[in-house]
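Analysis of the macromolecular model
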Amino acid sequence: MKKSCTFITGGDIAPDRKSPLNLLGKTAALFKKAEYSFVNLEHNLSTSGTLMKGKPTHHRGNPKLIDGFIDAGFDALIVANNHMMDFGTESFQDTLDLLDSKKIPYTGAGKNLQEAKKPVILTRNNLKIGLLAYSTTLPQGSAAGVKEPGVNPIRVHTHYTPIRNPVEYPGSEMTIQTRTVSADLNRMKREISALKKRTDVVLVYNHWGASMSHEVAEYQQEIGHAAIDAGACGVFGGHQHVLQGIEFYKGCPIVHCTGNLIFDIIEPFFTEATHQTFLFGGTLSKKGIENPYIIPCRCGIGNAPKILSPLNGDGKEITRFLRELSKPLGTSLKIKKERVSLFQE
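Let me begin by describing the structure that accompanies this report. (Residues numbered from 1 in each chain as written. Predicted model: local features only at pLDDT ≥ 70, side-chain atom pairs only at ≥ 80, totals over all residues. Heavy atoms only, no water.)

Attention now goes to helix H5 (residues 182-198). Between its first and last C-alpha, H5 extends 25 Å over 17 residues, near the 24 Å set by a 1.5 Å rise per residue. Here H5 has its buried residues at Asp 184, Leu 185, Arg 187, Met 188, Glu 191, Ile 192 and Leu 195. End-on view of H5: buried residues confined to an arc of 160 degrees, all on one side of the axis. Residues of H5 that are exposed and angled more than 90 degrees away from the buried face: Ser 182, Arg 190 and Lys 197. Structurally, H5 contributes buried residues whose contacts are with helix H4 (113-116), strand E7 (120-124), strand E8 (127-135), strand E11 (174-180), strand E12 (201-207) and helix H6 (218-230). (Helix = DSSP H or I, 4+ residues; strand = E, 2+ residues; numbered from the N terminus. Expected span 1.5 Å × (residues − 1). Buried < 20%, exposed > 50% of the residue type's maximum accessible area, 1.4 Å probe, protein only. Arc of directions from axis to C-beta. Contact = heavy atoms within 4.5 Å.)

Encoded structure:
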């Protein structure tokens, strides 16, 4: 009896346009063809609510845009990120109600922590797949609590230490050290371990990292390694808007950031690097993620994302740059026609 399925995921999706038609463009066919797929819905789909006070970066989309996600056939959506509470609890709840009404499974947020940490469990080709989502990017009031709505939180400590004596060298540059709050990390490990006992494979998403940074932070690897040690076979990240490297830990991929797949909001700090993105795919089985690969793409900004060839142009440059970012993490890339295979060195 077959117990495996094809799998694909992509970068953050934040649509804010008039029509859902052709939202995902030609990538929709890839998501529909895959037997299991998920992406991060980066903001609310609602017209109600009040802007959160003191939130400089905020956005949302019209509820009718959900039809674009339905057309792509996603099996589940992630709702653990730093924009789910941009317009308060009313807009937040509207979005969850919309997903419920369309029967789209989601994970990573809820009306309380118990709901926010609830996984999505689906069976494809006799393979039972568990999906969990967390966010380390936590604007004030966005973390779910015992009785508070919000996203599934993992908190992180950040320490800044001057490289030189600041008395002698005022304004000296800093080293940055990050560590996950142990109680949150341990909770994540318990939840992954418990889910693994109920499923064949577990996938974990984390909204993490520093915006516009290609550098993988210490805590990202700490969380990624802990998730795999607890039973996950793959860890996927987003939030940074730009590419970060891919590593393998105990044979399991940690995809630190795939970039933006759709981001209709042009932030003042965005650069050409925010146009670079890729899809990540492979085959899921009880052994984990086999034959992993990426497909380079260009982010959709007011239009559909574009599939690129790794053999020339922008697609070739994305492949080159991802190879450069991934090599220090022990990962090599090899172009095989229109896909790029990934290998642990």
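A separate point is a nonpolar patch on the surface. Taken together, the side chains of Tyr 160, Met 174 and Ile 176 make up a nonpolar region of the molecular surface, amounting to roughly 350 Å² of accessible area. Locating Ile 176 in the fold gives a position in strand E11. Accessibility expressed as a relative area gives 53% for Ile 176, which makes it exposed. (Patch = residues over 30% accessible without salt bridge, like charges linked within 9 Å, V, L, I, M, F, W, Y side chains within 5 Å. Areas by Shrake-Rupley, 256 points an atom, 1.4 Å probe, with all protein chains shown as cover. Salt bridge = Lys/Arg side-chain N within 4 Å of Asp/Glu carboxyl O.)

By size, the foremost hydrophobic cluster in this structure holds 35 residues, and its most contacted members are Phe 7, Tyr 36, Phe 38, Leu 203, Phe 236, Phe 280 and Leu 284. Counting residues in each nonpolar core, the second largest holds 34 residues, with Ile 13, Leu 45, Tyr 106 and Tyr 293 among its members. (Core = buried A, V, L, I, M, F, W, Y, C linked by side-chain atoms within 4.5 Å.)

With respect to topology, 6 strands assemble into an open sheet ordered E7-E8-E12-E13-E15-E14, the strand pairing being mixed. With one partner strand each, in any of the chains shown, E7 and strand E14 (244-249) form the two edges of the open sheet. Across the sheet, the mean angle from the axis of one strand to that of its neighbour is 20 degrees, orientation sign disregarded. With 5 bridges connecting them, E12 and strand E13 (residues 234-238) associate as parallel partners. Its bridge partner lying in E13, Asn 206 is registered against Gly 237. Across the face of the sheet, H5 comes into contact with E7, E8 and E12 while running at roughly 165 degrees to E8. (Pairing = 2+ DSSP bridges. Axes fitted to C-alpha atoms, helices over the stretch in contact; angles between N-to-C directions.)

Another point: the side chain of His 59. Checked against the element boundaries, His 59 lands in the loop between strand E3 (36-40) and helix H2 (66-72). According to the relative accessible area criterion, His 59 is buried, its value standing at 4%. At 2.8 Å, the side chain of His 59 forms a polar contact with the side chain of His 43. Filtering out sequence-adjacent residues up to four positions away, His 59 remains in contact with Ala 14, Glu 42, His 43, His 83, Asp 86, Phe 87, Phe 263, Ile 265 and Glu 267. (Polar contact = N/O pair within 3.5 Å; in protein donor to acceptor, adjacent residues only side chain to side chain.)

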